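Summary of the model geometry
The chain contents come next:
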Amino acid sequence: MAGDKDKTSIADFEKSLDELEKLVRDLEQGELPLEQSLAAFERGIKLTRECQSALKSAEQRVEQLIQNSDGSLETRPFSADDTH
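The present account deals with the structure reproduced in this document. Keep in mind the model is a prediction, meaning the values are calculated, not measured.

1. Topic: the side chain of serine 16
Secondary-structure assignment places serine 16 in helix H1 (residues 2-29). When near neighbours in sequence (up to four residues on either side) are disregarded, serine 16 contacts Leu47, Glu50 and Cys51.

2. Some details on the side chain of serine 37
Looking at the secondary structure, you find serine 37 in helix H2 (residues 34-61). A relative accessible area of 18% means that serine 37 is categorised as buried. Among the polar contacts listed, one links the side chain of serine 37 to the backbone oxygen of leucine 32, at a separation of 3.4 Å. Once residues lying within four places of it in the same chain are set aside, the contact partners of serine 37 are Leu27 and Leu32.

3. Quick look at the pattern of salt bridges
Tallying each qualifying case throughout the model produces three salt bridges. The salt bridge partner of glutamate 19 is arginine 43, with a shortest N-O separation of 2.8 Å. Residue glutamate 19 is located in helix H1, and its partner arginine 43 is located in helix H2; the two are separated by 24 residues in the primary sequence.

4. Quick look at a nonpolar patch on the surface
On the surface, Leu27, Phe41 and Ile45 cluster together into a nonpolar patch covering about 240 Å² of accessible area. By the element assignment, isoleucine 45 lies in helix H2. By relative accessible area, isoleucine 45 is classed as partly exposed at 31%.

5. Here's the deal with H2
With 28 residues, H2 ought to run about 40 Å at 1.5 Å a step, and its terminal C-alpha atoms sit 41 Å apart, in line with that. Within H2, burial applies to Ser37, Ala40, Gly44, Leu47 and Cys51.

Cut-offs and rules
Residues numbered from 1 in each chain as written. Predicted model: local features only at pLDDT ≥ 70, side-chain atom pairs only at ≥ 80, totals over all residues. Heavy atoms only, no water. Helix = DSSP H or I, 4+ residues; strand = E, 2+ residues; numbered from the N terminus. Contact = heavy atoms within 4.5 Å. Buried < 20%, exposed > 50% of the residue type's maximum accessible area, 1.4 Å probe, protein only. Polar contact = N/O pair within 3.5 Å; in protein donor to acceptor, adjacent residues only side chain to side chain. Salt bridge = Lys/Arg side-chain N within 4 Å of Asp/Glu carboxyl O. Patch = residues over 30% accessible without salt bridge, like charges linked within 9 Å, V, L, I, M, F, W, Y side chains within 5 Å. Areas by Shrake-Rupley, 256 points an atom, 1.4 Å probe, with all protein chains shown as cover. Expected span 1.5 Å × (residues − 1).

Right under this line is the structure:
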C-alpha cells in the first residue's frame, strides 16, 4: 500500500506543479482582474507550500549507498550536509 501512496503523492505533486506553472503564466500576462490576480496569488502560495512539503518528504526518504573503509557497503539516510 505504501507504493500506492507514493504514486499518488507523485501524481499530486506533478498536478500541483502544473497548476502552479499555469498560475504564474496567467499572472505574468497581467490580464487578470485584480480580484482574480489576488486569488491566483493566494492559490500559488498554497501550491508552493504543498510542493515544498512533498519535496522535503521525498528527500527524507532518499538513502545513500556508502562504502565503508573495509570495502563493505551500507545505506544511510540522505543528509544535505553530505552534498559538500
